[in-house]
Amino acid sequence: MSTMTLTAPVQPVLFPPPSVPAFFTDGDRYEWSHTGDVWTRTNGCWVPSRYDGLNDGQDDGTGWWTDAEVRASLGRAVEGWDVQQRFVPVDPGPVLPGRTLLALPPLRNAAQYVTEHQGAGLLVPLRDLVAKHDEDAAYDVPGVVTGRAMRDVVVEIVREQRRPRATYDEAAGRVYVRYDLPVAPPGRPAVVECLHVFVFTASPVEA
């Protein structure tokens, strides 16, 4: 499996959301890059973290969203190639959620997110990370992978990488894979912890 060294932050908007998640979990973020508005899912509701107070009809004027509203809005962004809306899965922290992955769950399409170490440290779609280094190549990276392709990636990481850990969180509809990657650049830690999050999609639609 090829790896790359990051040298600069990923550009925040290159592609639209790769998919509509089948499930959400608390800590997920929904962002409007064109206004700076950010909503964070808290106790099952999307609460504004940064909000300009404008109401475009999605709620009662409080700025709060429901899962259904966020899912519908992301669906429109995917279908309309709208690069101004972003879904950011929550970083699980030091302990991966769910149970240890001994066998892959029922195969489903998924969007693959990875940690962007040089920017805000948030999870970004894999093709956004590729685009930072080669935008043309990024167009060949699928926004959504099949369940079989997800299985192949997970198996390869577990076989090839240092200290791999993999879990399946059924409630959130996600597979997490973390491993240690040795790096060489001066001024960087000797090992970087890499995280892949496969977010199951609500439909096979991809941007």
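Since the structure is predicted, the reported quantities are computational estimates derived from the model, not experimental observations.

Definitions and limits used
- Every chain is numbered on its own, with residues counted from 1 as its sequence reads.
- Side-chain atom pairs in this predicted model are given and counted only at pLDDT of 80 or more, local residue features only at pLDDT of at least 70, and totals for whole chains, interfaces and linings cover all residues.
- Working from all heavy atoms in the structure, the side-chain values ignore hydrogens and water.
- Where helices and strands are cited, they refer to DSSP runs of H or I of at least four residues and of E of at least two residues respectively, numbered from the N terminus.
- Here the expected length of a helix is defined as 1.5 Å per residue gap, with one fewer gap than residues.
- Buried means the residue's accessible area, taken with a 1.4 Å probe over protein chains only, is under 20% of the maximum for its type, while exposed means over 50%, and partly exposed covers the values in between.
- The arc in question is the one traced by the directions running from the helix axis out to the C-beta atoms.
- Only buried residues count toward a nonpolar core. Its members are Ala, Val, Leu, Ile, Met, Phe, Trp, Tyr and Cys residues joined through side-chain atoms within 4.5 Å.
- In the analysis that follows, any N or O atom pair within 3.5 Å is treated as a polar contact, provided that within protein one partner can donate a hydrogen and the other can accept it, and provided that, for residues neighboring in sequence, both atoms belong to side chains.
- Two strands form a pair only when DSSP identifies at least two bridges running between them.
- Residue contacts are counted whenever heavy atoms from the two residues lie within 4.5 Å of one another.
- What counts as an axis is a line fitted to C-alpha atoms, over the stretch in contact for a helix, and the angles between N-to-C directions run from 0 to 180 degrees.

S.K.: Explain helix α4 (residues 147–160) residue by residue, including any values.
M.R.: Helix length check: α4, at 14 residues, gives a terminal C-alpha distance of 20 Å against a target of 20 Å (1.5 Å per residue), a fit within 8%. Restricting attention to buried positions, one finds in α4 the residues G147, M150, V154 and I157. Down the axis of α4, the buried set is contained in an arc of 90°. They therefore lie on one face. α4 presents R148, R159 and E160 as exposed residues on the side facing more than 90 degrees away from its buried surface.

S.K.: Please set out the nonpolar core residue by residue, giving values where relevant.
M.R.: Core analysis: the biggest nonpolar cluster contains 19 residues, and Y30 and W46 have the highest contact counts within it. When contributions to this core are tallied by element, the ones reaching two or more residues are β1 (29–32), α1 (67–79), β6 (110–115) and β10 (191–200).

S.K.: Summarise the environment of D37; cite the residues concerned and give the values.
M.R.: Of note, D37 is situated in strand β2 (residues 37–42). Put simply, D37 and P48 are eleven residues apart on the chain and 7.4 Å apart in space, counted from C-alpha to C-alpha. Within the structure, the side chain of D37 is placed 3.1 Å from the side chain of T35, a separation counted as a polar contact.

S.K.: Which residues make up the sheet that holds strand β8 (residues 162–169), and what values go with them?
M.R.: Here six strands make up an open sheet; going across it, the order is β5-β8-β9-β10-β6-β7 and the pairing antiparallel. Looking at the sheet topology across the chains shown, the edges are occupied by β5 (99–100) and β7 (123–125). By the bridge criterion, nine bridges tie strand β9 (residues 174–182) to β10 in an arrangement that is antiparallel. Note that in β10 the partner of L181 across the bridge is V192. Contacting β6 and β7, helix α2 (residues 126–133) runs over the sheet at an angle of about 80° to β7.

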